[in-house]
Amino acid sequence: MKKVKLQVPATVANLVCGFDILGMAIHQPYDEMEIKLLETPEIIIKHIDNFGLPEEPSKNVAGVVLLKIQEYLNLKNGFEVVINKKIKPGSGLGSSAASAAGAAVGANALLGNIFTEEELVYFAMFGEELASGVKHADNIAPCIFGGITLVKSSNPVDIIPLNSPELFVTAVHPQVEVKTSDSRQILKKNILLKDAIEQWGNIAGLVAGIQKNDISLIGRSLNDVIVEPIRSILIPKFNEIKEKSLELGALGGGISGSGPSIFMLSEKEEISQKIAEMMKCIYDEIDIESFVYVSKINPSGIKIIED
């Protein structure tokens, strides 16, 4: 195999209470990537989008992943990557993770699928480190594994795939930028024990609800007392959107990753669509352009569409 084309999906990290350990893949939006195996050792990155991202391999999240794979294998071959990025950088929908995970999965396919999924997560985390300064896998894991994943550990990599309930995801991306590195800097360095205990209960309840397909328990567990109260101040109309989503019948939701995107989970597509309309109206009223996506949970993650 000399070339692969990939659809690399957006992801929702944290799932409200699971900071840096929970994430899920969705169907829309997704990046398109084409990766070629070269006979020569250079790494070539080309963007055909308009985001102005660096194309020097050591400064590009896909590039650093391929450099790490090349170094690990002492590989004499190189790669050419063409990226059409449709997940806007800084959206909170796993844009950097998509490039990093796509590079790892594409390279692995070209090399004969020599790596396990957890090994691919390990390589892709170097891209996240470049993007945010931290090796975190909550976006990368669902992108590679599909569905909902629990990152038990990132060092060593230990990923637990969870069930994917038949729920609908509504995500809105207001066109304001919140950088992951900036949103991490405002977090508290110390938390109260009572808050930690409440958060642990919510995380455990959410994982149990997902595994048991207990919709009520999922809804009761979608609560964050540590991160959301701080990060939400960076997102216009966050509290209003969350309150109205619950009134319309959402199970719950919150900030997608580090924001500014907001996601809500619903049992029925009809509810999800009503939430989407409400989200768009709220941002239209304050003249902030927004993009809204309604999707089921994506059970397969990255899709190779041509080889």
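Details of the structure are given in the entry above.
So, here is what we can say about the structure in this document.

### Details of the pairing of strand β8 (residues 252–255)
Now for step 1: In the sheet, β8 pairs with strand β9 (residues 262–266) via 4 bridges, with the strands oriented antiparallel. Residue pairing for β9: isoleucine 255 is matched across the bridge by isoleucine 262.
Now for step 2: Between β8 and the antiparallel strand that follows it, β9, lie 6 residues; glycine 257 among them carries a positive phi value of about 60 degrees.

### Some words on the side chain of lysine 85
Now for step 1: Looking at where lysine 85 falls in the secondary structure, it is placed in the loop between β4 (78–84) and α2 (95–110).
Now for step 2: Overall, the relative accessible area of 4% leaves lysine 85 in the buried class.
Now for step 3: There is a polar contact of 2.4 Å between the side chain of lysine 85 and the side chain of aspartate 31.
Now for step 4: With residues near it in sequence (within four places) discarded, lysine 85 still touches Asp31, Asp49, Phe51, Leu53, Ser95, Ala98 and Ser99.

### Structural notes on the sheet that holds β8
Now for step 1: With respect to topology, 4 strands assemble into an open sheet ordered β8-β9-β7-β10, the strand pairing being antiparallel. Among the strands making up the open sheet, the edge pair consists of β8 and β10 (290–296). Taking each pair of neighbouring strands and ignoring which way they run, the sheet shows an average axis angle of 15 degrees.
Now for step 2: In this structure, strand β7 (residues 168–174) lies alongside β10, joined through 7 bridges in antiparallel fashion. By the bridge assignment for β10, valine 172 is matched with valine 292.
Now for step 3: Strands β7, β9 and β10 of the sheet are contacted by helix α10 (residues 269–285), whose axis makes an angle of about 10 degrees with β7.

### Description of helix α9 (residues 238–247)
Along an α-helix, a turn takes 3.6 residues, which lines up residues three or four apart on a common side.
Now for step 1: Of the positions making up α9, those classed as buried are Phe238, Ile241, Lys242 and Ser245. Down the axis of α9, the buried set is contained in an arc of 95 degrees. They therefore lie on one face. Along α9, the residues that are exposed and aim more than 90 degrees away from the buried face are Asn239 and Glu247.
Now for step 2: Residues of α9 that are buried make contact with α8 (228–231), β8, β9 and α10.
Now for step 3: Residue glycine 249 follows α9 closely and has a positive phi angle near 115 degrees.

### Quick word on unusual backbone geometry
Now for step 1: Between glutamine 28 and proline 29 the backbone carries a cis peptide bond, its omega angle lying at -5 degrees.
Now for step 2: Its location among the elements puts proline 29 in strand β2 (residues 22–38).
Now for step 3: Omega for the peptide link from asparagine 155 to proline 156 comes to 5 degrees, which places this bond in the cis form.
Now for step 4: Here proline 156 lies in the loop between β5 (148–154) and β6 (157–162).
Now for step 5: Positive phi outside glycine occurs at lysine 237, with the angle close to 65 degrees.
Now for step 6: Relative to the assigned elements, lysine 237 resides in the loop between α8 and α9.
Now for step 7: Residue lysine 237 is classed as partly exposed on the basis of its relative accessible area, which comes to 34%.
Now for step 8: The backbone phi angle of aspartate 287 is positive, close to 60 degrees, even though this residue is not glycine.
Now for step 9: Looking at the element boundaries, aspartate 287 is found in the loop between α10 and β10.
Now for step 10: On the basis of relative accessible area, aspartate 287 is assigned to the exposed category, the value being 72%.

### A word on the packing of α9 against α10
Now for step 1: Relative to each other, α9 and α10 sit at 155 degrees, their axes nearing to 10 Å. By the criterion of interaxial angle, the relationship of α9 to α10 is roughly antiparallel. The way α9 lies across α10 gives a crossing that is right-handed. Of α10, the residues touching α9 (which contributes Glu240, Ile241, Lys244 and Ser245) are Ile275, Met278, Met279, Ile282 and Tyr283.
Now for step 2: Grouping the constituent residues of the contact of α9 with α10 by class yields 6 nonpolar, 1 polar and 2 charged.

Basis of the calculations
Residues numbered from 1 in each chain as written. Predicted model: local features only at pLDDT ≥ 70, side-chain atom pairs only at ≥ 80, totals over all residues. Heavy atoms only, no water. Pairing = 2+ DSSP bridges. Helix = DSSP H or I, 4+ residues; strand = E, 2+ residues; numbered from the N terminus. Buried < 20%, exposed > 50% of the residue type's maximum accessible area, 1.4 Å probe, protein only. Polar contact = N/O pair within 3.5 Å; in protein donor to acceptor, adjacent residues only side chain to side chain. Contact = heavy atoms within 4.5 Å. Axes fitted to C-alpha atoms, helices over the stretch in contact; angles between N-to-C directions. Arc of directions from axis to C-beta. Parallel < 35°, antiparallel > 145°, perpendicular 65-115°, else oblique. Left-handed = near helix turned anticlockwise from the far one by under 90°. Nonpolar A, V, L, I, M, F, W, Y, C, P; charged D, E, K, R; others polar.

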